[in-house]
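Here's the letter readout for the chains.
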Amino acid sequence: MPKGTAVIDRERCKGCGVCLATCPFGVLEFTGEFNSSGYPVAQMAHPEKCTGCGLCALVCPDVAIEVHREEKVAA
Amino acid sequence: MRSSVENMKPVFVRPKSLSDKKFTYCPGCHHGLITRILAQVIDELGIQERTVMVAPVGCAVFAYEWFRCDGVQAAHGRAAAVATGIKRVRPDLVVISYQGDGDLAAIGLAETIHAANRGEKISVIFVNNQIYGMTGGQMAPTTLVGQHATSCPEGRNPQEAGYPIRMAELLATLEAPVYVARLALFDPKHVLETTKAVRKALTYQVQGKGYSFVEILANCPTGWRMSPVQANKHIAAVVTKAFPLGEFVDKG
């Protein structure tokens, strides 16, 4: 499995939770942190499980997520 | 977190045609998603410098603020007429009218149908969330039978208020439109399909083929009194039954 990471812009996140419900690996969670607008912020609670599939960013209504993935290394 | 990104390749980044402004939409609202999809397609087609957004009256009234391209805000329901004027004067521009259901299917129904019937070479993005979101959740022409709204607290009664109007099917009966489709956004697969449809609509306009209409079934978590995740499930289970998805016309 490739390794990836989601970079969440905490000031854009409105805590709608659609990314949490969409992530197939349970990477994202609300950890009780709030941004300056008072919204709970989705966080990479389990970064080791992220494969960089990009589904969280695809469904984010506030374009708050950028996703990066390791380049595939030939075996 | 940033340092670990250095050795990685970007899979998803913010489209260049989006401005840095934060959306004013409620949490979970599909308007933001549709805005992002449009910006992404504008980037892909390389038409940012010659795109004009025509914004409606409704929640998307600031649509021109989110894009790094020119924009006009039309009077309520008149976006198709304003877009017609811009496109006829400057046929080299790519003109996109972005409208909600109260705007396009109620007060602007005449403009919508006649722009489609004349085959104006514009692209219309129709955000159908089955409610008047901005004004506090009143019944729209697209509100489902039995659906609660602040102006029909007992649910929409078809004996009094008629049935939800199916705009895509209605426009598909006309001769002129080159592309008419209805999409949804409730899961990643449908987000990709919607992106494809928007790409097709704008491509047809760039090629000068004619009028395209993309209806997108959107949520309104605030107006529906649901959580964003519940609202997306509601679209998949209930709304798509009343508004079947599909491409109704494709003469590309």
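Conventions used here
- Sequence order as written defines residue numbering, which begins from 1 separately in each chain.
- Key to labels: chains lettered from A, ligands numbered from 1, both in the order written.
- Local features in this predicted model are restricted to residues of pLDDT 70 or higher, and side-chain atom pairs are both shown and tallied only at a pLDDT of 80 or more, whereas totals for entire chains, interfaces and linings draw on every residue.
- No hydrogens and no water enter the side-chain calculation; it runs on all heavy atoms of the structure.
- Helix and strand definitions follow DSSP, with helices as H or I runs of at least four residues and strands as E runs of at least two, each counted in order from the N terminus.
- Multiply 1.5 Å by the residue count of a helix minus one, and that product is the helix's expected span.
- Here the term buried applies to any residue with accessible area under 20% of the maximum for its type, exposed to any over 50%, and partly exposed to those in between, with areas from a 1.4 Å probe on protein chains only.
- Note on contacts: a residue pair qualifies if any of its non-hydrogen atoms lie within 4.5 Å across the two residues.
- Using a 1.4 Å probe, buried area is obtained as the accessible area two parts lose upon being combined, added over both of them.
- Salt bridge criterion: a side-chain nitrogen from Lys or Arg within 4 Å of a carboxyl oxygen from Asp or Glu.
- N or O atoms closer than or at 3.5 Å make up a polar contact, with two conditions inside protein: a donor-capable atom paired with an acceptor-capable one, and, for residues adjacent in sequence, both atoms drawn from side chains.
- Pairing between strands is defined by DSSP: at least two bridges between the two strands are required.
- For helices, the axis comes from a line fit to the C-alpha atoms of the stretch in contact; other axes are also lines fit to C-alpha atoms, and the angle between any two N-to-C directions lies between 0 and 180 degrees.

Visitor: With reference to specific residues and values, describe helix H2 (residues 30–45) of chain B.
Guide: All names here are of chain B. For H2, with 16 residues, the first-to-last C-alpha span of 23 Å sits near the 22 Å given by 1.5 Å per residue. In terms of burial, H2 is largely enclosed, as twelve of its 16 residues are buried. Listing the buried residues of H2 in full gives His30, His31, Gly32, Leu33, Ile34, Thr35, Arg36, Ile37, Leu38, Ala39, Val41 and Ile42. Count one or two residues on from H2 and you reach Gly46, which has phi positive near 65 degrees.

Visitor: Give me the lowdown on the interface of chain A and chain B, citing residues and values where you can.
Guide: Taken together, the contact pairs 32 residues of chain A with 33 residues of chain B. Taken as a group, Arg12, Leu58 and Val63 of chain A account for 24% of the area that chain A buries against chain B, more than any other trio of residues on that side. Where chain A meets chain B, there are zero salt bridges. Counting the contacts that link chain A with chain B gives nine residue pairs in polar contact (both at pLDDT 80 or more).

Visitor: Explain the side chain of Gln130 of chain B to me, using residue names and the numbers behind them.
Guide: All names here are of chain B. Within the secondary structure, Gln130 sits in the loop between strand E5 (123–128) and helix H7 (158–161). Gln130 gets classed as buried once you look at its relative accessible area, which sits at 0%. Residues within four places of Gln130 in sequence aside, it is in contact with Asp101, Ala140, Thr142, Thr143, Leu144, Gln147, Leu217, Ala218, Trp224, Val239 and Phe243.

Visitor: Let's hear about the sheet that holds strand E3 (residues 70–73) of chain B: which residues, and what values?
Guide: All names here are of chain B. In spatial order, the strands read E3-E2-E4-E5-E7-E6-E8; together these seven strands make up an open sheet with mixed pairing. Looking at the sheet topology across the chains shown, the edges are occupied by E3 and strand E8 (246–250). Neighbouring strand axes in the sheet, compared pairwise and without regard to direction, differ in orientation by 15 degrees on average. Bridge count between strand E6 (residues 179–184) and strand E7 (residues 212–217): six bridges; the pairing is parallel. Bridge pairing in E7 places Ala181 opposite Val214. Across the face of the sheet, H2 comes into contact with strand E2 (51–55), strand E4 (94–100), E5 and E7 while running at roughly 170 degrees to E4.

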